[in-house]
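Architecture and fold: a report
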Amino acid sequence: SVQRGGTVVTLGYYSTAEEGARVYAATPEGIADLAARDAPPPPPQPQLPSNSELSSSELIRSERSRTGFKGVSKMGSGATPYRVSVQRGGTTVHLGRY
């Protein structure tokens, strides 16, 4: 099975794993997987500073956020009351609670 537009699509049932693998390899998803597998490795990414290495002047402030920081919202109390999230491709991605 493969995911297409958020829906799981079953490609069928096969007698052997190799038969199933051949069918998968012929799908757009399989072709993309082969291209990614055969692509050269990406160049090394620059080392990002750890959270403790960022000075307060490097943090992104926001007047619209009640916390004062972009992407940070207060979700309650307790040990981890702050949630961090970003927008990626029109989707909200939650990075964790801190």
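Read on for a plain summary of the structure.

Bringing the overall build of the protein chain into the picture now. Within the protein chain, the regular secondary structure consists of two helices and five strands. Overall, the protein chain shows an N-to-C arrangement of helices and strands of β-β-α-α-β-β-β. Taking all 98 residues of the protein chain together, the buried fraction comes to 8%. Of the contacts formed within the protein chain by residues at least 6 apart in sequence, a portion of 5% connects residues at least 24 apart. A total accessible area of about 8,300 Å² is found for the protein chain, and carbon and sulfur atoms account for 56% of it.

Here we come to the layout of surface pockets. Quantified by volume, the second largest pocket comes out at close to 240 Å³. What lines the second largest pocket is simply Ser-62, Arg-64, Ser-65, Phe-69, Lys-70, Gly-71, Val-72, Ser-73, Ser-85, Val-86, Gln-87 and Thr-92. Going through the elements one at a time, β3 (72-74) and β4 (82-88) are the ones with two or more residues in the lining of the second largest pocket. For the lining of the second largest pocket, the element with the highest residue contribution is β4, accounting for three residues. Each residue belonging to the lining of the second largest pocket can be placed in one class, and the counts come to three nonpolar, seven polar and two charged.

Our focus in this paragraph is the sheet that holds β4. Pairing is antiparallel in the open sheet, where three strands are placed in the order β3-β4-β5. The open sheet has two edge strands with one neighbour each: β3 and β5 (91-97). With strand direction ignored, the average angle separating the axes of adjacent strands in the sheet is 35°. The sheet contact formed by β4 and β5 spans six bridges and is antiparallel. Among the inter-strand pairings, Ser-85 is bridged to a residue of β5, identified as His-94.

This brings us to the environment of Arg-83. Along the chain, the position of Arg-83 falls in strand β4. Judged by relative accessible area, Arg-83 falls into the partly exposed class, the value being 27%. For the pair Arg-83 and Tyr-98, spaced 15 residues apart in sequence, the C-alpha to C-alpha distance is 6.3 Å. Excluding anything up to four places from it in sequence, Arg-83 contacts Gly-71, Val-72, Ser-73, Met-75, His-94, Gly-96 and Arg-97.

Here we take up the pairing of β4. Here three bridges tie β3 to β4, and the two strands are oriented antiparallel to one another. By the bridge assignment, Ser-73 is partnered in β4 with Arg-83. Counting the residues in the hairpin turn of β4 and β5 gives two residues, including Gly-89, whose phi is positive at 60°.

Cut-offs applied
Residues numbered from 1 in each chain as written. Predicted model: local features only at pLDDT ≥ 70, side-chain atom pairs only at ≥ 80, totals over all residues. Heavy atoms only, no water. Helix = DSSP H or I, 4+ residues; strand = E, 2+ residues; numbered from the N terminus. Buried < 20%, exposed > 50% of the residue type's maximum accessible area, 1.4 Å probe, protein only. Contact = heavy atoms within 4.5 Å. Areas by Shrake-Rupley, 256 points an atom, 1.4 Å probe, with all protein chains shown as cover. 1 Å grid on protein atoms, 1.4 Å probe; cavity = no way out; pocket = protein on both sides within 12 Å on 5 of 7 lines; lining within 4 Å. Points joined across faces, edges and corners; volume = space filled by probe spheres on them. Nonpolar A, V, L, I, M, F, W, Y, C, P; charged D, E, K, R; others polar. Pairing = 2+ DSSP bridges. Axes fitted to C-alpha atoms, helices over the stretch in contact; angles between N-to-C directions.

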